[in-house]
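Remarks on the overall topology
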Amino acid sequence: MNFARTLSAFALLSGCGAEAVEFAVDDMLAAHNAVRLEYGVAALSADVVLADTALEWSRQLSADGCDLVHSEGEYGENLYWTSATATPEEVVTAWASEVADYDLGTHTCAEGAVCGHFTQVVWANTTTVGCGSAVCADGGEVWTCEYDPPGNYVGETPF
């Protein structure tokens with residue numbers, strides 16, 4: 001059995017609460033790894049524990065009105081909300097688009113801009129990822145990805 005398919009089934013069937021959004025784990029992993037490849041960073045692998053953690057946090061956010069609030073857990077974390085539906089590629093592309101405000105030479109983010117989603121996606125020391133998504137009451141979706149080891153340490157560069 002394909003590990004990624006097993007991971008997807010595990011993530012979608014575990015826990016309770018808000019309806020999970022079905023997506024192919026292979027697609028989410030490919031979207032992350034395409035961005036990482038662009039910046040010369042090693043590929044991530046999928047992790048069942050991270051996927052379950054991400055799904056549970058997405059469900060919690062859904063139950064609380066889909067406001068994007070970080071879990072403050074032990075992993076690195078990216079959050080995404082859409083009023084419609086999204087694909088894994090769209091979610092990761094949104095995070096990766098923050099590179100427009102990120103100076104690759106100085107590893108700094110433009111004043112007032114957000115770059116932490118991009119840097120977490122490409123954080124070189126991160127080796128595994130797991131993602132989950134839940135449907136919001138308004139029909140939108142909230143997405144969570146958990147990263148281990150986490151990134152975005154002050155004073156450190158992503159790669």
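Going by the structure above, here's the rest.
A short tour of the structure in this document, coming up. (Residues numbered from 1 in each chain as written. Predicted model: local features only at pLDDT ≥ 70, side-chain atom pairs only at ≥ 80, totals over all residues. Heavy atoms only, no water.)

**Quick word on the overall build of the protein**
Put simply, the rule is: Working definition: helices are DSSP H or I runs of at least four residues, strands are E runs of at least two. Numbering for both runs from the N terminus. To sort residues, take the accessible area from a 1.4 Å probe on protein chains only and compare it with the maximum for the residue type: under 20% means buried, over 50% means exposed, and anything in between is partly exposed. Every residue pair with non-hydrogen atoms within 4.5 Å of one another is taken to be in contact.
A tally of helices and strands in the protein yields five helices and six strands. When the helices and strands of the protein are placed in sequence order, the string is α-α-β-α-β-α-β-β-α-β-β. Looking at the protein as a whole, 45% of its 159 residues are labelled buried. Nonlocal contacts in the protein, meaning residues at least 24 apart in sequence, comprise 70% of its contacts between residues at least 6 apart.

**Notes on the sheet that holds strand β2 (residues 76-82)**
Spelled out, the test is: Following DSSP output, two strands are said to pair if at least two bridges run between them. Axis lines are fitted through C-alpha atoms, for helices just across the contact stretch, and the angle between N-to-C directions can take any value from 0 to 180 degrees.
Strand order in the open sheet made by the four strands is β1-β5-β6-β2, with mixed pairing throughout. Each of the sheet's edge strands pairs with one partner strand only, and the pair in question is β1 (45-46) and β2. With two bridges connecting them, β1 and strand β5 (residues 128-135) associate as parallel partners. Paired with A46 across the strands is V129, a residue of β5. Docked against the sheet, helix α4 (residues 88-96) engages β2 and β6 (141-148), running at close to 115° with respect to β2.

**Details of the nonpolar core**
This is how it is decided: Nonpolar core, defined: a set of buried Ala, Val, Leu, Ile, Met, Phe, Trp, Tyr and Cys residues in which side-chain atoms within 4.5 Å join the residues together.
W95 and W143 are the most contacted members of the largest nonpolar core, which has 25 residues in total. Secondary structure elements with two or more residues in this core: α2 (25-38), α4, α5 (116-122), β5 and β6. A total of five residues in this core trace back to one element, the largest contributor, which is α2. When neighbours within four sequence positions are excluded, W95 is seen to be in contact with H32, N78, L79, Y80, H117, F118, V121, C145 and Y147. Within the second largest apolar cluster, six residues are counted, among which are C66, A134, C136 and V142.

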